[in-house]
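Each chain, letter by letter, is given below.
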Amino acid sequence: MVNKVPVLTLDGPSGVGKGTICLMVARELGWHILDSGSLYRLLALSAGSEADLNNVAQLADLARDMQIEYVTSGDALGIYLRGVNVSEAIRTEMTGVLASKVAAIPEVRQALLDKQKAFAQAPGLVADGRDMGTTVFPDAELKIFLTASAEERAKRRYKQLNDKGIDANLSQLTVELKERDERDSTRSASPLLAADDAIVIDTTSLDIEQVLNQVMQLVKQRFG
Ligand code: C5P
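Per chain, residue numbering runs from 1 following the sequence as it is written. Reporting of local features is limited, given that this is a predicted model, to residues whose pLDDT is at least 70; pairs of side-chain atoms are given and counted only at 80 or more, and all residues count toward the totals for whole chains, interfaces and linings. Excluded from the side-chain calculation are hydrogens and water; included are all heavy atoms of the structure.

Chemist: Give a description of the overall build of the chain that names residues and reports values.
Modeler: Secondary structure follows DSSP: runs of H or I at least 4 residues long count as helices, runs of E at least 2 residues long count as strands, and numbering of each begins at the N terminus. Along its length, the chain carries nine helices and eight strands. Only C-alpha atoms enter the radius of gyration; for comparison, a globular chain is expected to reach 2.2 Å times N to the power 0.38, where N is the number of residues. For 224 residues, the compact-globule estimate of 2.2 N^0.38 gives 17 Å, and the C-alpha radius of gyration of the chain, at 17 Å, lies within 12% of that figure. Working definition: with a 1.4 Å probe on protein chains only, accessible area under 20% of the residue-type maximum means buried, over 50% means exposed, and in between means partly exposed. Counting across all 224 residues of the chain, residues that qualify as buried make up 44%. Residues count as neighbours in contact if any of their non-hydrogen atoms are within 4.5 Å of one another. Pairs at least 24 apart in sequence give 75% of the contacts found in the chain among residues at least 6 apart.

Structure, rendered in structure tokens:
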């Protein structure tokens, strides 16, 4: 019998800090990482800003056929689309908004399912997203759902952008975040939702080290 690959799912809304936590946990455990949001962002980038969101079959084909490569070098993760490094290009707010629109299309989600499941490789996987625990890895041994108030998440995003020297407007960021939450939570296909068996951690008043400690404690309890 083939041994099952251990999977930790980390779901939650935009800007909650999942990406940072996933990277830290994956590094500590020496496990692989799935940044599922990057797949929707890559599709948005492939389709372009003029994407016809009504042409569902074309978008689903594009999702299935995308040539993607993830290359880890040191602490950085390079993301390549058709051989071009798009690690920065996929992170713009515009691509994020288009990503959440293509992500609402059930055929697109279905088309990306196998690509996501294929990330479960030994010695283990940390999967970051919105529906990792509910849809993609429903049998995962440990499911964690991170939350924080929209205001706190907008502040974190604002600081992150400022640190990179990017101008941002806090109230506009808060509005955009709430709109994205609304779209992600109310769509019919795999809405943003904690799995019934997920452990919810409210990170509003926690710093990154405190969140990491709580997650690592749960990991040790579950995986030894
Ligand atoms: O996490 P990130 O901001 O990169 O995700 C971009 C968008 O992709 C989200 O707003 C969400 O609409 C979508 N997404 C999703 N399911 C996932 C991961 C991301 O619908 N598992």
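Chemist: Residues and numbers for the confidence of the model for the chain, please.
Modeler: Averaged over the chain, the pLDDT score is 92; the fraction of residues at 70 or greater is 98%. For every residue, the predictor states its confidence as a pLDDT score lying anywhere from 0 to 100. For the chain, strand S3 (residues 68-73) is the element with the lowest average pLDDT, namely 86, and strand S1 (residues 7-11) is the one with the highest, namely 98.

Chemist: Can you lay out the sheet that holds strand S4 (residues 76-81) for me, pointing to particular residues and giving the numbers?
Modeler: By the convention used here, strands pair only if DSSP detects at least 2 bridges between them. Spatially, the three strands line up as an open sheet ordered S3-S4-S5, and their pairing is antiparallel. The strands lining the two open edges of the sheet, one partner per strand, are S3 and strand S5 (84-85). In the sheet, S3 pairs with S4 via six bridges, with the strands oriented antiparallel. Within S4, the position partnered with Thr72 by the bridge is Leu77.

Chemist: Could you give an account of unusual backbone geometry, with specific residues and numbers?
Modeler: Note that the residue after Ala122, namely Pro123, is joined by a cis bond; omega there is 5 degrees. One can find Pro123 in the loop between helix H5 (106-117) and strand S6 (125-129). Even without being a glycine, Arg82 presents a positive backbone phi close to 45 degrees. Tracing the chain through its elements places Arg82 in the loop between S4 and S5.

Chemist: Describe the side chain of Thr174, naming the residues involved and giving the relevant values.
Modeler: Following the sequence through the fold, Thr174 ends up in helix H8 (residues 170-186). Not counting residues up to four positions away in its chain, the partners in contact with Thr174 are Glu151 and Ala154.

Chemist: Got a sec to walk through the packing of helix H2 (residues 36-47) against helix H4 (residues 93-102)? Specific residues and values, please.
Modeler: To define axes, lines are fitted to C-alpha atoms, for helices over the stretch in contact only, and angles between the resulting N-to-C directions are given on a 0 to 180 degree scale. In contact at an axis separation of 8 Å, H2 and H4 are set at 100 degrees when each is read in the N-to-C sense. The orientation of H2 with respect to H4, classified from their angle, is roughly perpendicular. Contact with H2, carried on its side by Tyr40, Arg41, Leu43, Ala44 and Leu45, involves Thr95, Gly96, Leu98, Ala99 and Val102 of H4 and no other residues of that element. Angle categories are assigned with fixed cut-offs, so that under 35 degrees is roughly parallel, over 145 is roughly antiparallel, 65 to 115 is roughly perpendicular, and the rest are oblique.

Chemist: Which residues make up the site of the ligand, and what values do they have?
Modeler: Near residues are defined by distance, with any heavy atom within 4 Å of the molecule or strand qualifying the residue. Contacts to the ligand come from 15 residues, most closely from Arg41, Arg109, Asp131, Asp184 and Arg187. Under this definition, polar contacts are N or O atom pairs within 3.5 Å; protein pairs additionally need one hydrogen-donor-capable and one acceptor-capable atom, and for neighbouring residues in sequence, both atoms have to be side-chain atoms. A distance of 2.9 Å separates a nitrogen atom of the ligand from a polar atom in the side chain of Asp131. At 2.9 Å, a side-chain N or O of Arg187 approaches an oxygen atom of the ligand. In isolation the ligand has 450 Å² of accessible area, and contact with the protein removes 95% of it. For the shell around the ligand, the elements supplying multiple residues, two or more each, are H2, H4 and H8. Per element, the largest residue contribution to the shell around the ligand is four residues, and it comes from H2. Gly is put with the polar residues, along with every residue not named as nonpolar or charged; the nonpolar set is Ala, Val, Leu, Ile, Met, Phe, Trp, Tyr, Cys and Pro, and the charged set is Asp, Glu, Lys and Arg. Looking at the shell around the ligand, its residues break down into four nonpolar, four polar and seven charged. Each accessible area is a Shrake-Rupley result for a 1.4 Å probe, and residues are judged covered by the shown protein chains and nothing else.

Chemist: So what about the sheet that holds S1? Which residues, and what values?
Modeler: The strand order across the open sheet built from five strands is S2-S6-S1-S7-S8, with neighbouring strands paired in parallel fashion. Each end of this open sheet is capped by a strand with a single partner; those strands are strand S2 (32-35) and strand S8 (199-202). Geometrically, the sheet is characterised by an average inter-axis angle of 20 degrees between neighbouring strands, direction not taken into account. With four bridges connecting them, S2 and S6 associate as parallel partners. If you follow Ile33 over to S6, its bridge partner there is Val126. In the packing of H2 onto the sheet, the strands contacted are S2 and S6, and the crossing angle to S2 comes to about 45 degrees.

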